[in-house]
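# Observations on chain architecture
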Amino acid sequence: MKKLLTAFSLTLLIAGCNATTAEKPTSLQAQYEVALKNAQAAVEKAAAVDGEWRDIRWKKSKKRYLPSAIKAAEAGDYKKALELLEIATFQAEAGYKQAMEQKNAGPRF
Amino acid sequence: MTKLTKRLGPTALALCIGLVLSTQVSAADLEAGKKIAFDRSKGNCLTCHHIDGGTLPGNIGPPLIAMKSRFPDKDKLRAQIWDATAINPHSIMPPLGRHRILSEKEIDLVTDYIYSL
Amino acid sequence: MKKILTLLLSAGLVATATQAVSSPEEDLEKFRIYYEQRFPGVQLDDFGNGPYALDVNKRLQWESMEEFPPYEDYVDKGREIWETPFKNGKSFASCFGKDPSKVRVKYPHWDSKTQQVVTLEGDINKCLKENGEKPFGWKKGKIAHLGAFLGYEARGQRINVVIPDDPKALEAYEEGKHFYYAKRGQLNLACADCHVQYPGHRVRGQLLSTGLGQTTHFPVFRAKWQKAAANGDGMGTLHRRYGGCNGQVRARPFKAQSRQYRNLEFFHTYMSNGLEINAPGYRE
């Protein structure tokens, strides 16, 4: 098993992974994949209660944190991707929380 | 009269601390805070508040003047900027910190600047 | 037996009491009284003129602009669209009736068959599709031009939205009402925060309008949209405006003609019942 792993990381090295060590990018990538799933779930949860914010993924937003994160990951920049996912997740969770807090909003005359 | 002195004590103390703290704020930081306060995509304070030197201010919120006497405790001012809905859930003021409209560092800079007004 | 009946009855009463949301009629009355008390000098119909009802200087500028209103060309374009027959020889009159002045006042309305709110724009595109024509875009262009013409023809008639006594219709109304009063987006702002709490106040140089009378002048010609359009066409629908507002508070806008916006239009227009239609309007 250990041999297999070494072989695997060696292959990655040889494949020309653009970082200094082979281990770091794979772990960042793994982090990214988990973070992406979390972000996507949080966004769907916010959208389901009509609480999604503008800059998460809306096509006319200039920021589009979620698709921008995916783009950054595709370009191999997992660090940036993780930063963007963190914002997307924060915004999605805050939007959901806001919608819950506003559930009973109504006139106060 | 006793009431007044009782109240003046902590106020004066807070004012002193405030003055000491505010003397530590550099001119460059004040300028940076002003920039964030005036930036439409950042603090955008002028949308609702009058600030001396700002053009076309709105009038939804109170003018930002004499801040040290209105907020002897600078932390309370920061808390108000961070999330005005904590005190009044119906407040129209966006929760600049809680919703991360500004970063914590930006909130510090804006607080220093507003406090200087 | 009597005991059981009383028990049942009181249980029923309790149930209705806990559900007691105010009726649309009560909402409307309170809404109107609120603005009338807040702006005692403003006549009911004048609320339909938005900020121009609240500020003398803005009103003077607006009145001089109204001498040669920039929406006039689009009313004419809308008339042309109304009169031009479809490929099958029919025209919009086959869907809406011959008299173009009798169209606007019917919208929005609750459709008991489909159990949803129907808007003028929705029926315009439905008519096109049923006649084998390509539907218009939802927010601007031809749909707004035709809307401008139909609004212009209906000027002076009064908004008369009916909320039928149907639980589903009331649900739609309640959803629209909730939308208007709920804070949303990163800036945490509700429609009502600006247009109920702070009408007459300024955000930067813009004067906030009253929620009362907000829908009477749609579609609208906006100077802001005119500047942004390559062809200078500043016309847009109510749902275009909703989307713009939602984006400004940094909430993700809903699609034009989404259930959310149709229900908002239902509530929002009902709140202006009794006010004169003054479409198309001009706004900054």
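Residues numbered from 1 in each chain as written. Chains lettered and ligands numbered in written order. Predicted model: local features only at pLDDT ≥ 70, side-chain atom pairs only at ≥ 80, totals over all residues.

### Side note on the overall build of chain C
Across its full length, chain C holds 12 helices and 7 strands. Relative to the 2.2 N^0.38 estimate, which gives 19 Å for 284 residues, the radius of gyration of chain C is 20 Å and therefore close to what a compact globule would have. Viewed in the frame of its principal axes, chain C has a C-alpha envelope of about 75 × 50 × 35 Å. Here chain C, with 284 residues, has 45% of them falling under the buried criterion. Sequence-distant contacts, at least 24 apart, represent 71% of the contacts inside chain C between residues at least 6 apart. (Helix = DSSP H or I, 4+ residues; strand = E, 2+ residues; numbered from the N terminus. Rg over C-alpha atoms; globule rule 2.2 N^0.38 Å. Buried ≥ 20, exposed ≤ 12 C-beta atoms within 10 Å, placed from the backbone. Contact = placed C-beta atoms within 7 Å.)

### Digging into the overall build of chain A
Counting its regular elements, chain A contains 4 helices and 0 strands. From first element to last, N terminus to C terminus, chain A shows the α and β order α-α-α-α. By residue count, 31% of the 109 residues in chain A fall in the buried class. Sequence-distant contacts, at least 24 apart, represent 56% of the contacts inside chain A between residues at least 6 apart.

### Remarks on the packing of helix α8 (residues 167-181) of chain C against helix α12 (residues 259-270) of chain C
The relative placement of two packed helices is expressed as an angle between their axes plus a distance between the axes. Residues and elements named next belong to chain C. Between α8 and α12, the shortest axis-to-axis distance is 7 Å and the interhelical angle comes to 85°. By the angle between their directions, the pair α8 and α12 is classed as roughly perpendicular. Residues Ala-172, Tyr-173, Glu-175, Gly-176, Lys-177, Phe-179 and Tyr-180 of α8 touch α12, and the partners they reach there are Gln-260, Asn-263, Leu-264, Phe-266, Phe-267, His-268 and Tyr-270. (Axes fitted to C-alpha atoms, helices over the stretch in contact; angles between N-to-C directions. Parallel < 35°, antiparallel > 145°, perpendicular 65-115°, else oblique.)

### Details of the confidence of the model for chain C
Residue and element names in this part refer to chain C. Residues at a pLDDT of 70 or more form 93% of chain C, whose mean pLDDT is 94. A low-confidence stretch, residues 4-19 (pLDDT under 50), is modelled with 0 contacts involving residues beyond four sequence positions or located in other chains. Across the whole predicted complex the pTM is 0.87, and at the interface the ipTM reaches 0.89. (pLDDT = per-residue confidence, 0-100.)

### Quick word on the confidence of the model for chain A
Scored by pLDDT, chain A has a mean of 86; 76% of the residues are at 70 or more. Below a pLDDT of 50 lies the segment residues 10-22 of chain A, which in the model reaches 10 contacts outside its immediate sequence neighbourhood of four places, other chains included.

### Section: the interface of chain C and chain A
The partner chain A presents 14 residues to the 18 residues of chain C that form the contact. Elements represented by at least two residues in the side of chain C that touches chain A include exactly α2 (24-38) and α8 of chain C. Of the residues belonging to the side of chain C that touches chain A, the class tally is 5 nonpolar, 6 polar and 7 charged. (Nonpolar A, V, L, I, M, F, W, Y, C, P; charged D, E, K, R; others polar.)

### Re the interface of chain B and chain C
Of the residues lining the interface, 13 residues belong to chain B; the matching set on chain C comes to 12 residues. Of the residues belonging to the side of chain B that touches chain C, the class tally is 8 nonpolar, 5 polar and no charged.

### Examining unusual backbone geometry
Residues and elements named next belong to chain C. Backbone torsion omega between Phe-218 and Pro-219 reads 0°, so that peptide bond is classified as cis. On the secondary structure map, Pro-219 appears in the loop between β4 (206-207) and β5 (220-222). Cis geometry is found at the peptide bond from Ala-279 to Pro-280, where omega equals -10°. Its location among the elements puts Pro-280 in the loop between α12 and β7 (281-283). One non-glycine residue, Arg-250, adopts positive backbone phi at about 65°. Mapped onto the fold, Arg-250 is located in the loop between α11 (238-248) and α12. A count of 23 C-beta atoms within 10 Å places Arg-250 in the buried class. One non-glycine residue, Gln-257, lies in the positive phi region at around 70°. With respect to the helices, strands and loops of the structure, Gln-257 is situated in the loop between α11 and α12.

### Regarding the sheet that holds β5 of chain C
Residue and element names in this part refer to chain C. With respect to topology, 3 strands assemble into an open sheet ordered β6-β5-β7, the strand pairing being mixed. Looking at the sheet topology across the chains shown, the edges are occupied by β6 (235-236) and β7. As paired strands, β5 and β6 are joined by 2 bridges and run antiparallel to one another. Note on β6: the bridge partner recorded for Phe-221 is Met-235. (Pairing = 2+ DSSP bridges.)

### Comments concerning the nonpolar core
Counting residues in each nonpolar core, the largest one holds 91 residues, and the members touching the most others are Ala-88 of chain A together with Ala-148 of chain C. When near neighbours in sequence (up to four residues on either side) are disregarded, Ala-88 of chain A contacts Ala-39, Val-43, Ile-56, Tyr-65, Leu-66 and Ala-69 of chain A. In terms of nonpolar packing, the next biggest core, distinct from the first, is built from 15 residues, Ala-37, Leu-96, Ile-107 and Leu-109 of chain B among them. (Core = buried A, V, L, I, M, F, W, Y, C linked by C-beta atoms within 7 Å.)

### Re helix α2 (residues 27-38) of chain B
Residue and element names in this part refer to chain B. Its 12 residues place the ends of α2 16 Å apart at the C-alpha level, agreeing with the 16 Å of an ideal helix rising 1.5 Å per residue. Turning to α2, its buried residues are Gly-33, Lys-34, Ile-36 and Ala-37. Angular distribution of buried residues about the axis of α2 spans 165°; they occupy a single face of the element. For α2, exposure combined with an orientation more than 90 degrees from the buried face picks out Ala-27, Ala-28 and Glu-31. Residues of α2 that are buried in the fold lie against α5 (104-115). (Expected span 1.5 Å × (residues − 1). Arc of directions from axis to C-beta.)

### As for the packing of α2 of chain B against α5 of chain B
All names here are of chain B. In the contact formed by α2 and α5, the axes pass within 7 Å of each other and the chain directions differ by 100°. The angle between the axes of α2 and α5 places the two elements in the roughly perpendicular class. Between α2 and α5, the contacting residues are Asp-29, Leu-30, Ala-32, Gly-33, Lys-34, Ile-36 and Ala-37 on the first element and Glu-106, Leu-109, Val-110, Asp-112, Tyr-113 and Ile-114 on the second. Broken down by class, the residue content of the contact of α2 with α5 amounts to 8 nonpolar, 1 polar and 4 charged.

### Quick notes on the environment of Val-161 of chain C
With respect to the secondary-structure elements, Val-161 of chain C resides in the loop between α7 (142-153) and α8. Sequence spacing of Val-161 of chain C and Arg-38 of chain C is 123 residues, and the spatial spacing of their C-alpha atoms is 24 Å.

### A few points about the environment of Gly-132 of chain C
All names here are of chain C. Inspection of the secondary structure assignment puts Gly-132 in the loop between α6 (120-130) and α7. For the pair Gly-132 and Thr-119, spaced 13 residues apart in sequence, the C-alpha separation works out to 20 Å. When sequence neighbours within four positions are dropped, the list of residues in contact with Gly-132 reads Lys-87 and Asn-88.

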